[in-house]
Amino acid sequence: MSGAPAQRTPKAVGTVWGLLVLNTLGSAGAETIVPLPRSLIQIVTMGALVAAFALALALNLRLRVRSSAFLFLLSLLLVPSLISSVSLESGFGALFRCARLGLFVGTLWLLTRWWDGGTAFVRHHVRMYFFVLVSVVAGALISPGAALPDLYGGRLVGALWPLTPPQIGQYAAVVVGLAVLLLLGRRTDRVSAAVVVVPSLVLLVLTHTRTATIGLLVGLALAIGSLVLTSAAARRFFAWAVLCAAVAAVGFAAALRAWFLRGQDEEYFSSLTGRAKVWDALLAEPRSTGEQIFGMGLGDKSFGGLPIDNSWLAVYHEQGLTGICLVAAFLVVLGGVALLRPPSLERACAIFLIGYCALASYTEAGLGDASPYLLHLAVAASLLAAPARPAPPPAPEPPRRHVPRWARKPEVI
C-alpha cells in the first residue's frame, strides 16, 4: 500500500472511532431502566454516523486516503446492495440502510490516512468498547433485575442502553483478546491489562455467550500461535493457558457443561437454539435469478420475523451470491496478507480479529452491513497496512565557495 508521509494520529480520530462504535450498537435489545423509544435511539445512532463522517472529513479535507483492498471490496458490496434495494421489496428502509453503509464505508476511507500498521486503532477500539462495558456494569449496579431479566434466562443485558447478551459477549471477548495481546507485546502494563481483562471476563461469563467464548479462545490460540516462535512471553502464556484449560476440563467439567448448555436440552442445543429451522426455511424460499444473484435488499437481518443469526445466509438473503463472493474475498484478502506478514504484535492482533469474525460469522450476522464486525476487520486492515514512508529530508545546501574580495566583480548601480 502506498500513502502519505507518516504523521502523528490526531486525538480527534479516537472521537471519530467512538462515534462509529456508537452507530453500530443498534437500537433493538432488552428493556432499559429508563424506556428509550426506538426512534430516539435510531436518531442518536444515525446522528453519530453523520457526525463521524463530518469530523473525519474535517480532519482530512484534502481527501488523502491510502489504498486498501479490504475497503475496495467493501465498497463494491454497495453495488448489489443498491441493485437489490431500488426495487423497494424490503421497503424504503433498504435505501436508508444503503445510505448508512455508504456513509460508514466513506468514513473508514477518510480514516485510512492514519492507517500505518501501528496499534493506535487497537487502543481506540479497546477504549471505546470498554466504555460500553462500563455502561453495562453501571446498569447492573443500578438495577440488577433489569440487567439480568428472566426474558433472557437471567443472562446479562444492557440496562442503560438496549444491548443483548450476544452483543455484550462479543465486546467483552474482543476487549479481552486485544488487551491480552497488548500485554504480551509489552505495549501495556499488567495493572492496566488487569483493569480491562478481569471485569470483561466476568461480563462474558454472565452473558453465557458461547459464540463469543469460543471465538475468544480460538482467536487467541491463532494469534498467540503466530508469536510462539518469536516471543518468550507468548510461549509462557500458551503453556499456562493449556495447563489451566486441562485443569478446568477435569475439575469443573460439570459446571462448564451446565454453563454451556444454559439449561437447554440436547435437541435444542443441536439445532443451535432454533437457528437451524430459520436457516432451512430461508434456503427453501423460492427466489428469482436476480434475487439469487443480488438478494432482496438490505433489511434487519431477519427472515419471517426471526433473526437469521448467520452472516453468510444474511448476506445471501439481502445481497445475494454476489455479496457472498465479496465478503469471502475481503476475508481471504485480510487472512492472506496476515499470513504473509512477518511475526509481530500487530500481525497477531489482526489474526485474532480476523479469526474471531470468521468464527462468529456462523452464528452471528453483520459482515454485510455496518456493524461491529466490520469495525473489527477495519482495525485488522489498519494493522496490516504497510507503514507509510516518511517524507525525505530536505537536501542540504551545497557549501558556498569562498571568493576573495579582489576577485569579486563590482556591483552595477
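Structure's up top.
It should be emphasised that the depicted structure is a prediction, and the values quoted were computed from it without experimental measurement.

One recurring pattern in soluble globular proteins is that nonpolar side chains are buried together. With 95 residues, the main nonpolar core has Trp17, Leu111 and Leu377 as its most contacted residues. Of the residues forming this core, the biggest block, 13 residues, is contributed by helix α8 (residues 165-184). In contact with Trp17, other than residues within four places in its own chain, are Leu108, Leu111, Phe121, His124, His125, Met128, Leu375, Ala378 and Val379. If you look at the next biggest cluster of nonpolar residues, it comprises eight residues, including Val278, Trp279, Leu282 and Ala314.

Even without being a glycine, His208 presents a positive backbone phi close to 55 degrees. Here His208 lies in the loop between α9 (190-207) and α10 (210-225). Here Lys301, not a glycine, exhibits a phi torsion of approximately 60 degrees, which is positive. Here Lys301 shows up in the loop between α15 (289-294) and β1 (302-303).

Next up on the list: the packing of aromatic side chains. Throughout the structure, instances matching the rule amount to five aromatic pairs. Ring plane angle 70 degrees and centroid distance 5.4 Å describe the contact between Trp17 and Phe121, whose orientation is recorded as edge-to-face. With a gap of 104 residues between them, Trp17 in helix α1 (residues 12-23) and Phe121 in helix α6 (residues 120-142) connect regions that are remote in the sequence. This pair shows no difference in class: Trp17 is buried, exactly as Phe121 is. Summarising the aromatic geometry, the rings of Phe70 and Phe330 are spaced 5.3 Å apart at their centres and angled 85 degrees between planes, so their arrangement reads as edge-to-face. Taken together, the residues span a long stretch of sequence, with Phe70 in helix α3 (residues 69-76) and Phe330 in helix α16 (residues 311-340) at a distance of 260 residues. Residue Phe70 is classed as buried on the basis of its relative accessible area, which comes to 1%.

Here we come to the packing of helix α2 (residues 38-59) against helix α5 (residues 92-111). Between α2 and α5, the least distance of the axes is 9 Å, while the angle of their chain directions is 30 degrees. For the pair α2 and α5, the crossing hand works out as left-handed. Two secondary-structure elements touch here, α2 through Met46, Leu49, Val50, Ala52, Phe53, Ala56 and Leu57 and α5 through Phe96, Arg100, Leu103, Phe104, Gly106, Thr107, Leu110 and Leu111. Taken together, the residues of the contact of α2 with α5 break down into twelve nonpolar, two polar and one charged.

What follows covers the environment of Ala120. As for its placement among the helices and strands, Ala120 is situated in helix α6. In this structure, the C-alpha to C-alpha distance between Ala120 and Gly14, residues 106 residues apart in sequence, is 8.8 Å.

With that settled, consider the side chain of Ser311. When you line up the elements, Ser311 lands in helix α16. One polar contact links the side chain of Ser311 to the main-chain carbonyl oxygen of Glu364, over a distance of 2.7 Å. Contacts of Ser311, omitting those with residues within four sequence positions, involve Ser361, Glu364, Ala365, Gly366 and Leu367.

What follows deals with a nonpolar patch on the surface. Taken together, the side chains of Ile33, Val34, Leu36, Leu40, Val44, Ile142 and Leu160 make up a nonpolar region of the molecular surface, amounting to roughly 550 Å² of accessible area. Assessed through its relative accessible area of 34%, Val44 is described here as partly exposed.

Right, let's get into helix α4 (residues 78-85). An α-helix turns once per 3.6 residues; consequently, residues spaced three or four apart project the same way. Among all positions of α4, only Leu78, Pro80, Ser81, Ser84 and Ser85 are buried. All buried residues of α4 project into a common sector of 170 degrees when viewed along the axis, lining one side. Buried residues in α4 make contact with α3, α5, α15 and α16.

What follows is about the pattern of salt bridges. All told, the structure shown has three salt bridges when counted by the stated rule. For Asp369, the salt bridge identified is with Lys301, shortest N-O distance 3.0 Å. You can see Asp369 sitting in the loop between α17 (345-360) and α18 (372-384) and its partner Lys301 sitting in the loop between α15 and β1, a full 68 residues away along the chain. One network of salt bridges, with partners in common, ties together Lys301, Glu318 and Asp369.

Scoring rules and cut-offs
Residues numbered from 1 in each chain as written. Predicted model: local features only at pLDDT ≥ 70, side-chain atom pairs only at ≥ 80, totals over all residues. Heavy atoms only, no water. Core = buried A, V, L, I, M, F, W, Y, C linked by side-chain atoms within 4.5 Å. Buried < 20%, exposed > 50% of the residue type's maximum accessible area, 1.4 Å probe, protein only. Helix = DSSP H or I, 4+ residues; strand = E, 2+ residues; numbered from the N terminus. Contact = heavy atoms within 4.5 Å. Phe/Tyr/Trp six-rings, centres within 6.5 Å; stacked < 30°, edge-to-face > 60°. Axes fitted to C-alpha atoms, helices over the stretch in contact; angles between N-to-C directions. Left-handed = near helix turned anticlockwise from the far one by under 90°. Nonpolar A, V, L, I, M, F, W, Y, C, P; charged D, E, K, R; others polar. Polar contact = N/O pair within 3.5 Å; in protein donor to acceptor, adjacent residues only side chain to side chain. Patch = residues over 30% accessible without salt bridge, like charges linked within 9 Å, V, L, I, M, F, W, Y side chains within 5 Å. Areas by Shrake-Rupley, 256 points an atom, 1.4 Å probe, with all protein chains shown as cover. Salt bridge = Lys/Arg side-chain N within 4 Å of Asp/Glu carboxyl O. Arc of directions from axis to C-beta.

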